[in-house]
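# Architecture and fold: a report
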Amino acid sequence: MDLRIFTEPQQGASYDTLLTVAKATEDLGFDAFFRSDHYLRMGNTDGLPGPTDAWITLAGLARETKRIRLGTLMTAGTFRLPGVLAIQVAQVDQMSGGRVELGLGAGWFEDEHKAYGIPFPKEKFARLEEQLAIVTGLWATEVGAEFSYDGTYYQLEKSPALPKPAQPKVPVLIGGHGATRTPRLAAQYADEFNIPFASVEDSDRQFGRVRAAAEAAGRKADELVYSNALVVCVGKDDAEVARRAAAIGREVDELKANGLAGSPAEVVDKIGRYQAVGSSRVYLQILDLDDLDHLELISSQVQSQLS
């Protein structure tokens, strides 16, 4: 079971804070550091000092880390043109020595688009499908050849399809709760399918849909990695769990019901339930980025029991 650290910087985090967490992620033996791709805070937080851009952040971290994988859950398809995104991700992959993964979604948070003047089209899912075809097509085009694409929303003519990532294939993550289109898209383009903030039962159902879609598309279902993203709140005792829950404005019972919360033993047990339905990777949503002791506890008393 891989444990990855997943951050939500739009809630209030500077680049320096993210760098500190990423370095702790590496030092404590976690597999990867991922971040959301949002420009506006959610909920009651003030969001200070303001948003950071996902791929600019990852470019910086690519030069400041050595081992951990780096990526997004999920890059919003509404934020970047697909040709530009392919260049950005390939460049960051080169900068990291081949450690980047691309989570790509349709985009959903309309308020942040309004706040920063970003178009919010109605046909987001159809655009996402074209974006995936273009990004993966550009990377797969042999050096010296050209890539063209004539879609409904995007057209590329005789692109040199450069630069290339350092990796032979950048892993692509697709995720969500959709019952039909999302599994089909994952079956066609994804190396990993991620379901965010879902119960064991809902994860089981959605993994089953994706596995069936993969087989219908002529792929072996086990070619994909199946993963979860879950909020985490671990403490050595009840008082520490309660303190950490209060620090992120959540109730302990709610966190235990909807995430990974409680003692290390409780969290290990619940992760095991996700593993039993096919999950082999968990993105631990860390909401208090100043609490590095939390990461150390998870590393020493949760991760150590899963590795």
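The following refers to the structure shown. (Residues numbered from 1 in each chain as written. Predicted model: local features only at pLDDT ≥ 70, side-chain atom pairs only at ≥ 80, totals over all residues. Heavy atoms only, no water.)

Let us now look at unusual backbone geometry. Backbone torsion omega between L48 and P49 reads 10°, so that peptide bond is classified as cis. Structurally, P49 can be placed in the loop between β2 (32-35) and α2 (54-64). Looking along the chain, the bond that leaves L162 and enters P163 is cis, with omega of 0°. If you trace the backbone, P163 turns up in the loop between β7 (155-159) and β8 (172-175). Located in the positive-phi region is K158, a residue other than glycine, with phi close to 50°. The residue K158 is located in strand β7 in this model. Phi at A161 takes a positive value of approximately 55°, unusual for a residue other than glycine. Secondary-structure assignment places A161 in the loop between β7 and β8. With relative accessibility at 4%, the residue A161 sits in the buried group. (Helix = DSSP H or I, 4+ residues; strand = E, 2+ residues; numbered from the N terminus. Buried < 20%, exposed > 50% of the residue type's maximum accessible area, 1.4 Å probe, protein only.)

Judged by nonpolar contacts, the single largest core of 75 residues is most densely connected at W55, L102, L260, L284 and V302. Considering each element in turn, this core owes the most residues, eight residues, to helix α5 (residues 124-140). Each residue touching L102, except ones within four places of it in the same chain, is listed here: W55, T72, T75, L85, V89, V135, W139, V170, P171, V172 and L173. Ranked by size, the runner-up nonpolar core spans eight residues in total, among them A32, L173, A229 and Y283. (Core = buried A, V, L, I, M, F, W, Y, C linked by side-chain atoms within 4.5 Å. Contact = heavy atoms within 4.5 Å.)

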